[in-house]
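Listed below, chain by chain, are the residues.
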Amino acid sequence: MTKFRKLGRPTGHRMSMLRTMVSQLVKHERIETTVAKAKEIRRLADNMVQLGKEVPNNYTWYGSYMFKGSLCAARRASAFVRGDDVLHKLFTELAYRYKDRAGGYTRLLRTRIRVGDAAEMAYIEFIDRENELRQSKPATPQPPPRAPLDPWTRSRLSKQLAPPKEDSSSHSDS
């Protein structure tokens, strides 16, 4: 794993907390937490969905569940998330829902300031689901590709658009 925010906890406690929170996010599809924790959960949850979407060779039995995905991906996901029901949902429902999406499976919505310690709170939720807090934005259309210009035409166009250079020695005579 790469660098994480420390979140004011020892490594074992922090990893255990993040694993539990990612599992709860997959199970409930929306949780409220602090902004710093939500940003860490977002990275890990997107990685778990990506594991669920791995290209299947065939159906794989892992434990008492059958997955449509590679056995390696199922083992890596089960080493992180907690619960067989969460693992099953990751490889079936979420993998099917996001099969055409390249990334960005979660959304972070800032909600309030917590009363006790004035911490910024936020909802983190999966997008493209029922009962969303905010609808996902439509994909922006890509501009049409421009045909590459040959070097001769490009040179002529750049000379036409650029103003003529003035020689500084001609102004010094007056």
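The structure under discussion appears in the preceding block.
Criteria and cut-off values
- Residues numbered from 1 in each chain as written.
- Predicted model: local features only at pLDDT ≥ 70, side-chain atom pairs only at ≥ 80, totals over all residues.
- Heavy atoms only, no water.
- Helix = DSSP H or I, 4+ residues; strand = E, 2+ residues; numbered from the N terminus.
- Buried < 20%, exposed > 50% of the residue type's maximum accessible area, 1.4 Å probe, protein only.
- Contact = heavy atoms within 4.5 Å.
- Core = buried A, V, L, I, M, F, W, Y, C linked by side-chain atoms within 4.5 Å.
- Axes fitted to C-alpha atoms, helices over the stretch in contact; angles between N-to-C directions.
- Parallel < 35°, antiparallel > 145°, perpendicular 65-115°, else oblique.
- Left-handed = near helix turned anticlockwise from the far one by under 90°.
- Nonpolar A, V, L, I, M, F, W, Y, C, P; charged D, E, K, R; others polar.
- Salt bridge = Lys/Arg side-chain N within 4 Å of Asp/Glu carboxyl O.
- Lys, Arg positive; Asp, Glu negative; His and termini not counted.

Draft legend 1. Inspection of the overall build of the chain at higher detail. Secondary structure summary: the chain contains six helices and five strands in total. Listed by position from the N terminus, the elements making up the chain come as α-β-α-β-β-α-α-β-β-α-α. The buried share among the 174 residues of the chain stands at 33%. Across the chain, every contact between residues at least 6 apart in sequence was considered, and the portion connecting residues at least 24 apart equals 55%.

Draft legend 2. Broad picture of the nonpolar core. Counting 34 residues, the largest nonpolar core has Ile41, Met48, Leu90 and Phe126 as its most contacted members. Mapped onto this core, the elements with two or more residues apiece are helix H1 (11–28), helix H2 (35–52), helix H3 (71–78), helix H4 (84–97) and strand E5 (120–126). Among the elements that make up this core, the one with the highest residue count is H2 (eight residues). Every residue in contact with Met48, bar those within four places of it in the chain, is listed here: Val22, Ala77, Phe80, Val81 and Leu90.

Draft legend 3. Expanded view of the packing of H1 against H4. Put simply, H1 and H4 touch, their axes get as near as 9 Å, and they point 55° apart. When the axes of H1 and H4 are compared, the pair comes out oblique. The chirality of how H1 crosses H4 is left-handed. On H4, the residues touching Ser23, Val26 and Lys27 of H1 are Asp85, Val86, Lys89, Leu90 and Leu94. Per-class residue counts for the contact of H1 with H4 are four nonpolar, one polar and three charged.

Draft legend 4. How the structure looks around the pattern of salt bridges. According to the stated counting rule, one finds ten salt bridges in the structure shown. Ionic pairing is found between Lys89 and Glu29, a salt bridge with its closest N-O pair at 3.1 Å. Of the two residues, Lys89 sits in helix H4 while Glu29 sits in the loop between H1 and strand E1 (30–34), which places them 60 residues apart along the sequence. A salt bridge links Glu29 to Arg97, with the shortest nitrogen-to-oxygen separation between them at 2.9 Å. Of this pair, Glu29 sits in the loop between H1 and E1 while Arg97 sits in helix H4; the two residues are 68 residues apart in sequence, bridging distant segments of the chain. Look at Glu29 and you get buried, because its relative accessible area is 7%.

Draft legend 5. Summary view of the side chain of Lys37. Within the secondary structure layout, Lys37 lies in helix H2. It turns out Lys37 is buried and unbridged, and the closest side chain with the opposite charge, Asp117, is 8.1 Å from it. Apart from residues lying up to four places away in sequence, Lys37 is in contact with Leu7, Arg9, Met17 and Met21.

Draft legend 6. Focus on the environment of Tyr123. The topology assignment puts Tyr123 in strand E5. C-alpha of Tyr123 to C-alpha of Glu32: the two residues are 91 residues apart in sequence and 4.4 Å apart in space.

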